[in-house]
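Coordinates in review
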Amino acid sequence: MTQDELKQAAAAAAIDDIKPLLLADAVIGIGTGSTVNRFIDLLAGSRHLFRGAVASSQATTARLKANGIEVFELNHVGSVPVYIDGADEINHHLQMIKGGGGALTREKIIAACAERFVCIADASKRVQLLGGFPLPIEVIPMARSYVARELVKLGFNPIYRDGVVTDNGNQILDCHGLMLEDPRHTESELNNIVGVVTNGLFARRPADVLLLAGEDGVSRFTH
């Protein structure tokens, strides 16, 4: 199977997985990325079963609306029964690195609000140790150089993602060449740097369910 076919398989499995949660008044959370785009396109066939969605990016908002799915502001939603998103890397504890597409802050906010977090990914995203994929850190623009210096003090190698502005109007530093043995500690340590909005480690709030597509089909893992 090609990677595109694996992504499609993971997206289809997620539709089956969340159908019991698609109630008439439900507003679900939707992430950002190529696998999620396939999920949104499939979800359109079930849009009559639920109220709508909250989106983690402007790109996701546009795709949801194009598929006839109503988009709500998170502040106007009482609860989010389920959040569906992909991962750039995910380990056996269902902790992740996310944010390759630059939507890490809004993704993390919706994940924090969600009662259940379903991650959809192809088998190439499963790793023993997080850090092979560059760890994104969203920063307030005026603090970028300061944050970069503080990261260097901690042994990180930050590189400015040139020309990228997040949906929140911020900038991103990508930290390369990491081997993260304690992602929960690192997540908190990075967020304590003044000027950091958030970082792409989803360790303190990992996924509850992983739907991982491989050559033998889609495997389901729980936290």
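Structural notes, computed from the coordinates. (Residues numbered from 1 in each chain as written. Predicted model: local features only at pLDDT ≥ 70, side-chain atom pairs only at ≥ 80, totals over all residues. Heavy atoms only, no water.)

**A closer look at the pairing of strand E13 (residues 217-222)**
For strand E12 (residues 209-214) and E13, the ladder comprises six bridges, and the chain directions are antiparallel. Across the sheet, Val209 pairs through a bridge with Thr222, a residue of E13. Connecting E12 to the antiparallel partner E13 that follows it, the hairpin turn spans two residues. (Pairing = 2+ DSSP bridges. Helix = DSSP H or I, 4+ residues; strand = E, 2+ residues; numbered from the N terminus.)

**Regarding the packing of aromatic side chains**
Working definition: an aromatic ring pair is given by the centre-to-centre distance plus the angle between the planes. In the structure shown here, the tally under the stated rule is one aromatic pair. Aromatic side chains Tyr83 and Phe117 sit 5.0 Å apart centroid to centroid with 45 degrees between the ring planes, which places their arrangement in the tilted category. Of this pair, Tyr83 sits in strand E3 (residues 83-85) while Phe117 sits in strand E6 (residues 117-122); the two residues are 34 residues apart in sequence, bridging distant segments of the chain. By relative accessible area, Tyr83 is classed as buried at 0%. Taking relative accessible area as the criterion, Phe117 reaches 0% and is therefore assigned buried. Over the ring of Phe202 we find Lys108, and its NZ or CZ is 5.1 Å from the ring centre. A cation over a ring is seen here: Arg126 above Phe221, with NZ or CZ 4.4 Å from the ring centre. (Phe/Tyr/Trp six-rings, centres within 6.5 Å; stacked < 30°, edge-to-face > 60°. Buried < 20%, exposed > 50% of the residue type's maximum accessible area, 1.4 Å probe, protein only. Lys NZ or Arg CZ within 6 Å of the ring centre and 35° of its normal.)

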